[in-house]
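# Architecture and fold: a report
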Amino acid sequence: MRVSTIISEAAKRSAARSRFLATLQGEAVWPPPIWLMRQAGRYLPEYRDIRAQAGSFLDLCFDPVRASRVTLQPIERFDFDAAILFADILLIPHALGQGVRFEEGEGPRLFPTITTENIRSLEIQNIGAALAPIFETVRLTRAALGPEKTLIGFAGAPWTVATYMLAGGASRDPAGLRRVAYEQPAFLEELIALLVKATVAYLVGQIDAGAEAVQLFDTWAGGLPEPLARRLSLDPMRSIARRVKALRPGTPFIFFPRGVGALASAYAEAPECDAISIDSWTPWEFARASLSSHAVVQGGFDPMLVVAGGEAMDREARALVNAFRGVPYIFNLGHGLTPDTPPAHVARLVKIVREME
Ligand code: CP3
């Protein structure tokens with residue numbers, strides 16, 4: 001739901017402070033603010049340097065000084081309007097006691113896979129302490145950012161995190177796990193409820209440390225039939241946002257339900273959803289006509305265009321910004337930047353968006 005109709009004095013003050021937060025509050029800021037999913041990462045040589053010093057990817061996530069530097073790198077290089085905490089959606093399974101490893105070139109490995117036999121061994125009591133270094137990263141980063149920049153916290157949506165916990169890594173067919181949903185509904189519901197609880201604690205910790213908005217990544221929401229999408233993806237995201245907003249009033253939530261097609265309107269219409277991040281397949285006309293009246297739209301730009309660069313990138317970026325002229329919109333991608341993206345293309349993209357007339 002958009003809180004645009006009445007702009008309070010507090011909102012006006014923060015509008016002057018941050019173009020990103022003003023947009024999230026429903027103002028059609030021009031040109032739109034810009035940040036990019038996976039803006040910190042391997043496509044940046046300065047990231048690869050720190051990553052090599054840190055050791056493993058998990059070591060980097062749990063090293064607040066280095067993680068904070070990595071969070072700030074894309075802001076320093078490209079002057080994005082928002083920084084996103086450098087961490088990972090799989091830190092929650094790790095904090096719950098499941099083994100997590102990131103193998104070079106192979107993606108994440110989680111062990112053992114979660115079953116009805118071992119689900120009770122997951123430990124939620126310790127979650128705040130286990131994730132304390134991440135909160136320290138947020139604190140250091142917020143202190144180093146200018147007042148006009150927003151710090152975004154994040155977590156994975158329970159369904160996406162559950163797919164990794166159940167499959168032991170990136171699932172080849174995440175929606176294929178719906179068999180578990182049909183055959184063992186109580187087991188899956190127990191896992192999702194545990195993840196909702198853990199995620200609320202994690203996000204409240206991030207907000208208390210200085211995160212000003214929150215994004216929930218449901219990378220694998222696509223491919224679920226509507227009743228399952230509502231039950232396993234949308235409802236848990238809504239519960240998390242509702243509980244966090246009750247504990248920390250006013251926290252804006254961005255939902256990223258990747259691949260859900262026309263069902264995106266159900267996410268945008270949820271009262272807890274302040275902004276909806278669209279994937280690269282969502283028609284812009286549909287987003288403007290059917291999503292924009294319920295939630296601020298973010299994203300939609302094909303990450304492959306940033307790899308390609310050139311005329312195609314310039315033209316499509318201008319067309320996307322023009323498609324949302326007059327309504328609140330946050331420029332972003334339909335999914336994360338890939339490691340083969342030339343940093344010069346990212347710099348060019350920021351310039352194109354900033355120079356829109
Ligand atoms: O810059 C940012 O966006 C902030 C940090 C961030 C990372 N992961 C860092 C990361 C964020 C927001 C994520 C989210 C995330 N992680 C998602 C949801 C968004 C999406 O991309 O779909 C998912 C599904 C994950 C799980 C994950 N983490 C995978 C599948 C991988 C391996 C893939 C790969 O590229 O190797 C990771 C590792 C990871 N997370 C890296 C980074 C920078 C690469 C690790 C490295 O440096 O070796």
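First, a word on scope: everything that follows refers to the structure included in this document. Residue numbers restart at each chain and count upward from 1, following the sequence in its written direction. Since the coordinates come from a predicted model, pLDDT governs what is reported: local features require at least 70, and pairs of side-chain atoms require 80 or more to be given and counted, while whole-chain, interface and lining totals use all residues. The basis for every side-chain value is the complete set of heavy atoms in the structure, and neither hydrogens nor water enter the calculation.

## Notes on the pattern of salt bridges
Our working rule: When a carboxyl oxygen of Asp or Glu is within 4 Å of a side-chain nitrogen of Lys or Arg, the pair counts as a salt bridge. Working definition: helices are DSSP H or I runs of at least four residues, strands are E runs of at least two. Numbering for both runs from the N terminus.
Evaluation of the coordinates by the stated rule reveals 22 salt bridges. A salt bridge links Glu104 to Arg51; its shortest N-O distance comes to 3.7 Å. Of the two residues, Glu104 is situated in the loop between β2 (99-103) and β3 (107-111) and Arg51 in helix α3 (residues 45-54); the sequence distance between them amounts to 53 residues. A salt bridge links Glu212 to Arg142, with the nearest nitrogen and oxygen atoms 2.7 Å apart. Of this pair, Glu212 sits in the loop between α11 (185-209) and β5 (213-218) while Arg142 sits in helix α8 (residues 132-144), and the two are 70 residues apart along the sequence. Ionic contacts of the salt-bridge type, sharing partners, join the residues Arg19, Asp79, Asp81, Lys149 and Arg354 into one network.

## Thoughts on the pairing of strand β8 (residues 296-299)
Counted only if it meets this: In this description, strands pair whenever DSSP reports at least two bridges between them. Note on handedness: a crossover is taken as right-handed if, strands pointing away from the viewer, the path from the first strand over the helix to the second is clockwise.
Strand direction decides the pairing type here: strand β7 (residues 275-278) and β8, joined by four bridges, are parallel. Counterpart to Ala275 in the pairing with β8 is Val296. What joins β7 to β8 is helix α14 (residues 284-291), and the crossover it makes is right-handed. Where β8 and strand β9 (residues 329-330) come together, two bridges link them in parallel fashion.

## Some words on the site of the ligand
Convention followed: Here a residue counts as near a molecule or strand whenever at least one of its heavy atoms sits within 4 Å of it. Counting of polar contacts relies on pairs of N or O atoms within 3.5 Å, with two restrictions inside protein: one atom must be capable of donating a hydrogen and the other of accepting it, and residues adjacent in sequence are counted only when both atoms are side-chain atoms. Each accessible area is a Shrake-Rupley result for a 1.4 Å probe, and residues are judged covered by the shown protein chains and nothing else. Three classes are used, and their members are as follows: Ala, Val, Leu, Ile, Met, Phe, Trp, Tyr, Cys and Pro are nonpolar, Asp, Glu, Lys and Arg are charged, and the others, Gly among them, are polar.
In the vicinity of the ligand there are 21 residues, among which Arg38, Arg42, Tyr47, Asp88 and His335 approach most closely. Gln39 is positioned with one of its backbone polar atoms (N or O) 3.3 Å from an oxygen atom of the ligand. Arg42 has a polar side-chain atom sitting 2.3 Å from an oxygen atom of the ligand. Protein contacts shield 89% of the accessible area of the ligand, which totals 880 Å² for the unbound molecule. Considering only residue class, the shell around the ligand consists of 14 nonpolar, three polar and four charged.

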